[in-house]
Amino acid sequence: AVAGHGEQAAGLAAERDLESWIEQDPSLLERGLVIVGRQLRLEGGPLDLLALDPQGRWVLIEIKRDWLRREVIAQAIDYASCLHRLPPAQLREHCDAYLQSRSPGVTLDLLLEQRGRSLDVEDDGREIVVYLVGTGYDPGLERMVGFLTAADLSVRIVTFSPFRDARGQTLLTREIHETVDAPAAVGKRPSVGTPAPEALLALAEQNGVGSVVRTLYSAAADMGLHVRPWATSIMVAPPANRTRCLFVV
């Protein structure tokens, strides 16, 4: 929502406001996110929200009610390291308990399978994306995020500015702050079951959508975008930030 005339800047009543709003509508950050955990207890402390993106990457969401200080980077990296080493059985237990309380019948394994992933077969570790959410951020934080992105750790800053209208309703303006750096080094192995581009295009042909998928694939490549195949999809990203999804086919 964008604030207009007659609206005044308003403070957030509590950090949990943003946490609840994002939990209810994760598209506030990115379309296709599915929340799989809230206040997940990690060795480094409680993580606000945990999600999966359309490619099956783990999305850590850390929320502050005020400005994002540089110290939040250390906290986010700590959470990411804890999630990376969390045993599959423990992660499944935490997430399934959350999912069952909100959507009976939905399990973590089901969501991962839909994204061509498996919790038990991860040959290149868990790919992690970090969202830092607040109402503003220190300039030094953006510099640090740019450095980490270049080092192939995807960290994104999102700020919300709350406004209150004449009826007392709170509206939010959102800004996603992009960092542009040199392309991340290529060298990671693809996830288990991820085909080569031609194999995925052949699969699209078998399913009757070959011409459409091949056209989009070729157009993205001709434009110089980064095109990455997954088990059942193709992700298109900017060449300067290959972890930033533009769209998925």
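Predicted model, so just to flag it, every value in this text is computed and none were measured. (Residues numbered from 1 in each chain as written. Predicted model: local features only at pLDDT ≥ 70, side-chain atom pairs only at ≥ 80, totals over all residues. Heavy atoms only, no water.)

Draft legend 1. Here's a closer look at the environment of S118. As for its placement among the helices and strands, S118 is situated in the loop between helix 4 (108-114) and strand 6 (128-134). Residue class for S118 comes out partly exposed when judged on its relative accessible area of 30%. The spatial distance from the C-alpha of S118 to the C-alpha of G56 is 8.9 Å, given a sequence separation of 62 residues. (Helix = DSSP H or I, 4+ residues; strand = E, 2+ residues; numbered from the N terminus. Buried < 20%, exposed > 50% of the residue type's maximum accessible area, 1.4 Å probe, protein only.)

Draft legend 2. Local environment of the packing of helix 6 (residues 197-206) against helix 7 (residues 210-222). Two elements in contact, helix 6 and helix 7, have axes whose closest approach is 7 Å; the angle formed by their N-to-C orientations is 145°. Residues P197, E198, L201, A204 and E205 of helix 6 form the contact with helix 7, whose own contacting residues are G210, S211, V213, R214 and Y217. Residue composition of the contact of helix 6 with helix 7, by class: five nonpolar, two polar and three charged. (Axes fitted to C-alpha atoms, helices over the stretch in contact; angles between N-to-C directions. Contact = heavy atoms within 4.5 Å. Nonpolar A, V, L, I, M, F, W, Y, C, P; charged D, E, K, R; others polar.)

Draft legend 3. Region of the structure containing a nonpolar patch on the surface. On the surface, V212, L216, L246, F247 and V249 cluster together into a nonpolar patch covering about 390 Å² of accessible area. Within the secondary structure layout, V212 lies in helix 7. (Patch = residues over 30% accessible without salt bridge, like charges linked within 9 Å, V, L, I, M, F, W, Y side chains within 5 Å. Areas by Shrake-Rupley, 256 points an atom, 1.4 Å probe, with all protein chains shown as cover. Salt bridge = Lys/Arg side-chain N within 4 Å of Asp/Glu carboxyl O.)

Draft legend 4. Region of interest: the side chain of E62. With respect to the element layout, E62 can be found in strand 4 (residues 58-63). When sequence neighbours within four positions are dropped, the list of residues in contact with E62 reads L47, D48, V72, Q75, Y79, Y131, L132 and V133.

In short, the description is geometric, and any link to function would need to be established separately.
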